[in-house]
Protein chains: 2
Amino acid sequence: MSSDTLNSEALSQKLAHSGLRNTPQREVVYKALLTRRDHPTADEVYARVRTDLSTISLATVYNCLETLVQCDLVRAVNFERGPTRYCPNLAPHAHFHDEETGSTFDIDLPPDLLGKIKDVLPPGYDADAVDIIFRGKTTATR
Amino acid sequence: MSSDTLNSEALSQKLAHSGLRNTPQREVVYKALLTRRDHPTADEVYARVRTDLSTISLATVYNCLETLVQCDLVRAVNFERGPTRYCPNLAPHAHFHDEETGSTFDIDLPPDLLGKIKDVLPPGYDADAVDIIFRGKTTATR
DNA sequence: AATAAGTTTAGAATAGTTCTAAATCTTACT
DNA sequence: AGTAAGATTTAGAACTATTCTAAACTTATT
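Thresholds, definitions, all that
- Residues numbered from 1 in each chain as written.
- Chains lettered and ligands numbered in written order.
- Predicted model: local features only at pLDDT ≥ 70, side-chain atom pairs only at ≥ 80, totals over all residues.
- Heavy atoms only, no water.
- Axes fitted to C-alpha atoms, helices over the stretch in contact; angles between N-to-C directions.
- Helix = DSSP H or I, 4+ residues; strand = E, 2+ residues; numbered from the N terminus.
- Parallel < 35°, antiparallel > 145°, perpendicular 65-115°, else oblique.
- Contact = heavy atoms within 4.5 Å.
- Nonpolar A, V, L, I, M, F, W, Y, C, P; charged D, E, K, R; others polar.
- Buried < 20%, exposed > 50% of the residue type's maximum accessible area, 1.4 Å probe, protein only.
- Phe/Tyr/Trp six-rings, centres within 6.5 Å; stacked < 30°, edge-to-face > 60°.
- Domains from an automatic or database assignment.
- Buried area = accessible area lost by both parts, 1.4 Å probe.
- Salt bridge = Lys/Arg side-chain N within 4 Å of Asp/Glu carboxyl O.

**Q** Could you clarify how one ought to interpret the packing of helix H2 (residues 24-35) of chain B against helix H4 (residues 58-70) of chain B in this entry?
**A** Between two packed helices, both the angle of their axes relative to each other and the distance between the axes serve to describe the pair. Residue and element names in this part refer to chain B. Between H2 and H4, the shortest axis-to-axis distance is 9 Å and the interhelical angle comes to 70°. Viewed along their axes, H2 and H4 adopt a mutual orientation that is roughly perpendicular. Contact residues: H2 offers Gln-25, Arg-26, Val-29, Tyr-30 and Leu-33, while H4 offers Thr-60, Val-61, Cys-64, Leu-65, Thr-67 and Leu-68. Considered class by class, the residues forming the contact of H2 with H4 number seven nonpolar, three polar and one charged.

**Q** Got a minute to help me understand the environment of A:Gly136 in this structure?
**A** Along the chain, A:Gly136 falls in strand S5 (residues 125-138). Residue classification places A:Gly136 among the buried residues on the basis of a relative accessible area of 3%. Between the alpha carbons of A:Gly136 and A:His97 there is a distance of 6.5 Å; along the sequence they are 39 residues apart. Residues in contact with A:Gly136, not counting those within four places in the same chain, are A:Phe96, A:His97, A:Asp98, A:Glu99, B:Asp126, B:Ala127 and B:Asp128.

**Q** Where do I start with the packing of aromatic side chains in this structure?
**A** The geometry of an aromatic ring pair is captured by the separation of the ring centres together with the interplanar angle, meaning the angle of the planes. Within the structure shown, the criterion is met by six aromatic pairs over all chains. Pairing A:Phe96 with A:Phe134 gives two aromatic rings, centres 6.4 Å apart and planes at 25°, and the pair type is stacked. One end of the pair, A:Phe96, is in strand S3 (residues 93-98); the other, A:Phe134, is in strand S5, and 38 residues separate them in sequence. With relative accessibility at 0%, the residue A:Phe134 sits in the buried group. Aromatic pair A:Phe105 and B:Tyr125: ring centres 5.5 Å apart, planes at 80°, arrangement edge-to-face. With one member in each of two chains, A:Phe105 in strand S4 (residues 104-108) and B:Tyr125 in strand S5 (residues 125-138) form a pair that bridges those chains. Across the pair, exposure class does not vary: A:Phe105 and B:Tyr125 are buried alike. Chaining the aromatic ring pairs together yields one cluster made of A:Phe96, A:Phe105, A:Phe134 and B:Tyr125.

**Q** Would you take a moment to explain the environment of B:Thr41 for this structure?
**A** All names here are of chain B. Among the secondary structure elements, Thr-41 is positioned in the loop between H2 and helix H3 (42-49). Distance from Thr-41 to Ala-76, taken between C-alpha atoms, is 9.6 Å for residues 35 residues apart in sequence. Beyond its immediate sequence surroundings of up to four residues, Thr-41 is in contact with Pro-83, Thr-84 and Arg-85.

**Q** How should the domain arrangement of chain A be read in this particular structure?
**A** How big an interface is tends to be stated in terms of accessible area lost as the parts join. Residue and element names in this part refer to chain A. Each domain of chain A was delimited in the assignment, giving domain 1 (8-86) and domain 2 (91-136). For domain 1 and domain 2, the distance between their C-alpha centroids amounts to 22 Å. In total, about 800 Å² of surface goes out of reach between domain 1 and domain 2, with carbon and sulfur atoms giving 52% of it. Summed over the three residues of domain 1 that lose the most area to domain 2, namely His-39, Arg-75 and Phe-79, the buried surface amounts to 67% of that side. Linking domain 1 with domain 2 are two salt bridges, by the criterion used here.

Structure, rendered in structure tokens:
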């Protein structure tokens, strides 16, 4: 089983760790991200979870996504002015945003590179996160 | 004279290169970015240029900023869901966003590092830009 | 001077997100 | 089991940043 396969227990644990409860809404939202890892927007997640839980509201989808981000289960990614997209990949990675198709790809980062990048920070700058976003196009040979 | 000091001729040239005209509005907007390089939002630019050109409209400020970005005179930067900020620094650099104060700092990148970062892209990914954003806090010793 | 093209403007419209307050669910305690 | 306290969800209103629209204005060209 991959380390981030859905697992209610594990999700409940992570939530409990922040003093939060697990709920059906949080489960379906998290599951939606894990089963199609295409960096959906809140609207897209809403559309997907409605098939499982037809009474869920868009506000709840926003709430759940925010909760998952707070619990370090999900990353929020922003491309320029576009809507926030959500990503359950917790391994260090960059994002490639294809400006022609709008699709997003995870780009794995070699373990040493993040350190090298953080080394450019002068003393007194204390970064707890680095976002790296490539913008461009992808070609057929991909 | 630093390479990006305001210079109407140079601005006109760059604009003309894209088939665009220089205008008083474009000049004051560009000047506003150059004279206080604190990554202002469109609203903040609007507030600043109104002292020079009281009749300018917010829509025009947005138009001018977009024009300057298109002509490669200015970079647009986005932090999470916040409003777009504008930066006249054309040298390769990352941004550090202090989440406590909201201020933004340019972080110079050593010449080789951008290349190293682009090297992580698998074949078929063709990036024309890389945005690197640090999030965290700055301490007194900065 | 007339026409065309580029630009600015005010205000309306839009998209994405957050807020609000009431309803519902869960948990802990009696 | 019954109830109070707290957490969560919900629908819809509100909000913010931005873009659109169409008219007015400016500048360049015939």
